[in-house]
Amino acid sequence: MTRFRTLDDAGDLKGKRVLVRVDFNVPMDQGRVTDATRILRVLPTLNELSAAGAKVILLAHFGRPKGKPVPSESLRPIAEATAAALGRPVAFAEDCVGEKAASAVSALKDGDVLMLENTRFHAGEEKNDADFVKALARNGDVYVNEAFSAAHRAHASTEGLAHVLPAYAGRLMQAELDALTKGLEAPARPVVAIVGGSKVSTKIDLLKNLVAKVDALVIGGGMANTFLHAAGLGVGKSLCERDLAGTAQAIIEAAREKNCAIILPVDGVVAEEFKAGAPHHTYGVDAIPETGMILDIGSLSVDRISAAIDDARTLVWNGPVGAFEIAPFDQGTVAAARHAAARTKAGKLVSVAGGGDTVAALNHAGVSEDFTYISTAGGAFLEWLEGKPLPGVDALRQKG
């Protein structure tokens, strides 16, 4: 298993200019940060570097300015929010390269923190332009990547810099890579994956990759209806991609060849309209009424998922198994999540989850603190599950 270079390999950083790539693409409203979660999660790395006497220089993007300065997408208010989170000043430079950046960097004392302006104000960022990479590198002696959520993009500040400066994973990136390694790269077996969400079409690559890597694959949410339809079962007016029945069959066949068990719902909570508190009834999947919509898994399906979790030593989860946003169609997801959390707390399960809807569902179930690791990386987490290379991660691998 390939090891990644981390801050433990960086040596003495006192007096060194450390370029730290963070993902501070945070929610904003009228110039104020409304959710500082992404800032808070990198504080351990920033504090560690500062305490070591490094000159900490933050690189980040915000929004989609398309290579030109856009005042509304400046990082200045995010620098202020970072200062509030750190409890000490964070200087700000009005550019990330050139004279303004160099002047701000030269003014730093050991332990100081500086944020450079939005890297995407330059077209060279998203193009991973070699000259822009060199311009960024002039302000640093060391590069630290703390932006796993942007690691699936080969941009100048997420991948290019790692090839021209000594490069290391920050503590958040390290935790993410450790969790992902435990999840699929070198997991304790048996491994069960839960994949939910609305559409098979958005997760074909994911399903194809997982059937080759896990021992059991639970398919839930709206996408399960496509598999039920492919098996010849009626799903009424449920969300269903009928044109993908052949794809579903191919995934089932691939799973059979890889000795991966496919676990589909055996019952569903059905309503005739999708709204909170709608009249509903539980039916077996062989008896779904033509006018009904499957909006959640039933209790028998929850029992099957719980049994699979009980048999597993590792769980990877992406996507809710029902329409958890609206009660009472959240009950299946909540029950399965709480069962996984209880097994994790008992020390019997390594549980790794990620994806926007997944994070929201686990928060809704009140179990976010009980999973082994929950990734907020979105696209990068999904591409890792799909088995695709992540340029920003690959650049941190130890050579030889």
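What counts, and where the lines are drawn
Residues numbered from 1 in each chain as written. Predicted model: local features only at pLDDT ≥ 70, side-chain atom pairs only at ≥ 80, totals over all residues. Heavy atoms only, no water. Helix = DSSP H or I, 4+ residues; strand = E, 2+ residues; numbered from the N terminus. Rg over C-alpha atoms; globule rule 2.2 N^0.38 Å. Buried < 20%, exposed > 50% of the residue type's maximum accessible area, 1.4 Å probe, protein only. Contact = heavy atoms within 4.5 Å. Areas by Shrake-Rupley, 256 points an atom, 1.4 Å probe, with all protein chains shown as cover. Lys, Arg positive; Asp, Glu negative; His and termini not counted. Charge placed at Lys NZ, Arg CZ, Asp CG, Glu CD. Pairing = 2+ DSSP bridges. 1 Å grid on protein atoms, 1.4 Å probe; cavity = no way out; pocket = protein on both sides within 12 Å on 5 of 7 lines; lining within 4 Å. Points joined across faces, edges and corners; volume = space filled by probe spheres on them. Nonpolar A, V, L, I, M, F, W, Y, C, P; charged D, E, K, R; others polar. UniProt positions renumbered as here; feature names shortened; annotations may be inferred. Axes fitted to C-alpha atoms, helices over the stretch in contact; angles between N-to-C directions. Domains from an automatic or database assignment. Buried area = accessible area lost by both parts, 1.4 Å probe. Salt bridge = Lys/Arg side-chain N within 4 Å of Asp/Glu carboxyl O. Polar contact = N/O pair within 3.5 Å; in protein donor to acceptor, adjacent residues only side chain to side chain.

## Remarks on the overall build of the protein chain
Part 1: Regarding its fold elements, the protein chain presents 15 helices and 17 strands.
Part 2: Computed over the C-alpha atoms, the radius of gyration of the protein chain is 23 Å, within 12% of the 21 Å expected from 2.2 N^0.38 for a compact globule of 400 residues.
Part 3: Across its three principal axes, the protein chain shows a C-alpha extent of roughly 70 × 50 × 40 Å.
Part 4: In the protein chain, buried positions account for 56% of the 400 residues.
Part 5: Contacts spanning at least 24 positions in sequence make up 74% of the contacts within the protein chain whose residues lie at least 6 apart.
Part 6: For the protein chain, the computed accessible surface area is about 16,900 Å², with 50% contributed by carbon and sulfur atoms.
Part 7: The averaged location of the 48 negative side-chain charges in the protein chain is 4 Å from the averaged location of its 43 positive side-chain charges.

## Overview of the pairing of strand 14 (residues 293-297)
Consecutive residues of a regular strand have side chains that alternate between opposite faces of the sheet.
Part 1: Most of strand 14 sits inside the fold, with 5 of its 5 residues counted as buried.
Part 2: In this sheet, strand 14 lies alongside strand 12 (residues 267-271) in antiparallel orientation, the contact comprising 4 bridges. Counterpart to V269 in the pairing with strand 14 is D296.

## Considering the layout of surface pockets
Part 1: Size it by volume and the largest pocket reaches roughly 590 Å³.
Part 2: Taken together, 39 residues make up the lining of the largest pocket; nearest its centre are G197, S198, G221, G222 and G322.
Part 3: Counting residues per element, the lining of the largest pocket draws most heavily on strand 14, which supplies 5 residues.
Part 4: Taken together, the residues of the lining of the largest pocket break down into 16 nonpolar, 17 polar and 6 charged.
Part 5: Taken as a whole, the second largest pocket encloses approximately 260 Å³ of empty space.
Part 6: What lines the second largest pocket is a set of 17 residues, and nearest its centre among them are E185, W384, K388, L390 and R397.

## With respect to the UniProt feature "binding site: (2R)-3-phosphoglycerate" (unreviewed entry) in the protein chain
Part 1: Feature annotation in UniProt places "binding site: (2R)-3-phosphoglycerate" (unreviewed entry) on R38, R120 and R153, given in this structure's numbering. Lining residues of the largest cavity drawn from the annotated set just named are R38.
Part 2: Among the structural elements, R38 can be located in helix 1 (residues 37-41).
Part 3: Take R38: its relative accessible area is 27%, and that puts it in the partly exposed class.

## Things to note about the environment of A147
Part 1: Looking at the secondary structure, you find A147 in the loop between strand 7 (142-145) and strand 8 (167-169).
Part 2: Judged by its relative accessible area of 0%, A147 falls in the buried class.
Part 3: Along the backbone, A147 and A377 are 230 residues apart, and their C-alpha atoms lie at a distance of 8.5 Å.
Part 4: Each residue touching A147, except ones within four places of it in the same chain, is listed here: R21, V22, D23 and M173.

## Topic: the sheet that holds strand 11 (residues 261-263)
Backbone-to-backbone hydrogen bonds pair the strands of a sheet. The strands run either parallel or antiparallel.
Part 1: What the 6 strands build is an open sheet, ordered 11-10-9-15-16-17; its pairing is parallel. Among the strands making up the open sheet, the edge pair consists of strand 11 and strand 17 (373-375). Within the sheet, the average angular offset between the axes of one strand and its neighbour, ignoring direction, is 15°.
Part 2: Bridge count for strand 9 (residues 191-195) against strand 15 (residues 314-318) is 5 bridges, and the pairing is parallel. Paired with I194 across the bridge in strand 15 is W317.

## Overview of the domain arrangement of the protein chain
Part 1: Once the domains are mapped, the protein chain shows domain 1 (7-173) and domain 2 (187-386).
Part 2: The distance between the C-alpha centroids of domain 1 and domain 2 comes to 37 Å.
Part 3: The contact between domain 1 and domain 2 buries some 600 Å² in all, and 52% of this surface belongs to carbon and sulfur atoms.
Part 4: Ranking the residues of domain 1 by area buried against domain 2 places R41, F148 and H152 at the top, with a combined share of 73%.
Part 5: Linking domain 1 with domain 2 are 0 salt bridges.
Part 6: For the pair domain 1 and domain 2, the number of links is 2 residue pairs in polar contact (both at pLDDT 80 or more).

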